[in-house]
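One letter stands for each residue in the lines below.
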Amino acid sequence: MSDSATKTRTQAATRTPPMYKVLLLNDDYTPMDFVVDILVRYFKKSELEATRIMLQVHHAGVGVAGVYPFEIAETKVNQVMRAASAQGYPLQCTLEPE
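Residues numbered from 1 in each chain as written. Predicted model: local features only at pLDDT ≥ 70, side-chain atom pairs only at ≥ 80, totals over all residues. Heavy atoms only, no water.

> Give a description of the packing of helix α1 (residues 32–43) against helix α2 (residues 47–60) that names residues and reports values.
Contact geometry of α1 with α2 gives a least axis separation of 9 Å together with a crossing angle of 130°. Judged by the inter-axis angle, α1 sits oblique to α2. The hand of the α1/α2 crossing is right-handed. Counting all contacts with α1, which are made through M32, V35, V36, L39 and V40, the residues of α2 involved are E47, A50, T51, I53, M54 and H58. (Axes fitted to C-alpha atoms, helices over the stretch in contact; angles between N-to-C directions. Helix = DSSP H or I, 4+ residues; strand = E, 2+ residues; numbered from the N terminus. Parallel < 35°, antiparallel > 145°, perpendicular 65-115°, else oblique. Left-handed = near helix turned anticlockwise from the far one by under 90°. Contact = heavy atoms within 4.5 Å.)

Put into structure tokens, the structure is as follows:
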């Protein structure tokens, strides 16, 4: 008989990271074209999709720009807030758990 031992290999369980919605909030001063530009530039939306989201923000007061893991969502919020501030617009962008 051979003295070979059986080794048990443990696998690390991988989990998908929690996801966060990046939200754009409506205001009365930020131009619609600027919001569309933000969605195209930072969220890689097509012009058509960006316009749809912008209209959702305009009519409902809030719209989802995208859903990302926390670090990416936080970066997107910071990019939008810096771009809006640089142009003097009060556009607000937040994140919340999905």
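> Can you break down α1 residue by residue, with the values?
Side chains that are three or four residues apart share a direction in an α-helix, a result of its 3.6 residues per turn. Between its first and last C-alpha atoms α1 spans 16 Å; for 12 residues at 1.5 Å apiece the expected length is 16 Å, and the two agree. When α1 is considered as a whole, its buried residues turn out to be F34, V35, V36, I38, L39, Y42 and F43. As for α1, its buried residues are in contact with β1 (19–25), α2, β2 (62–69) and α3 (70–87). After α1 finishes, the residue K44 shows a positive phi value of roughly 55°. (Expected span 1.5 Å × (residues − 1). Buried < 20%, exposed > 50% of the residue type's maximum accessible area, 1.4 Å probe, protein only.)

> Which residues make up the sheet that holds strand β3 (residues 92–97), and what values do they have?
The sheet built from 3 strands is open, its strands ordered β2-β1-β3 with antiparallel pairing. Only two strands of the sheet have a single partner each, and these edge strands are β2 and β3. Here the strands of the sheet are splayed against their neighbours by 25° on average, with no regard to which way each runs. Inspection of the sheet shows β1 paired to β2 by 7 bridges, in the antiparallel sense. In the sheet register, L23 faces β2, and the bridge partner there is V64. Sheet strands in contact with α3 are β1, β2 and β3, and its direction is about 170° off that of β3. (Pairing = 2+ DSSP bridges.)

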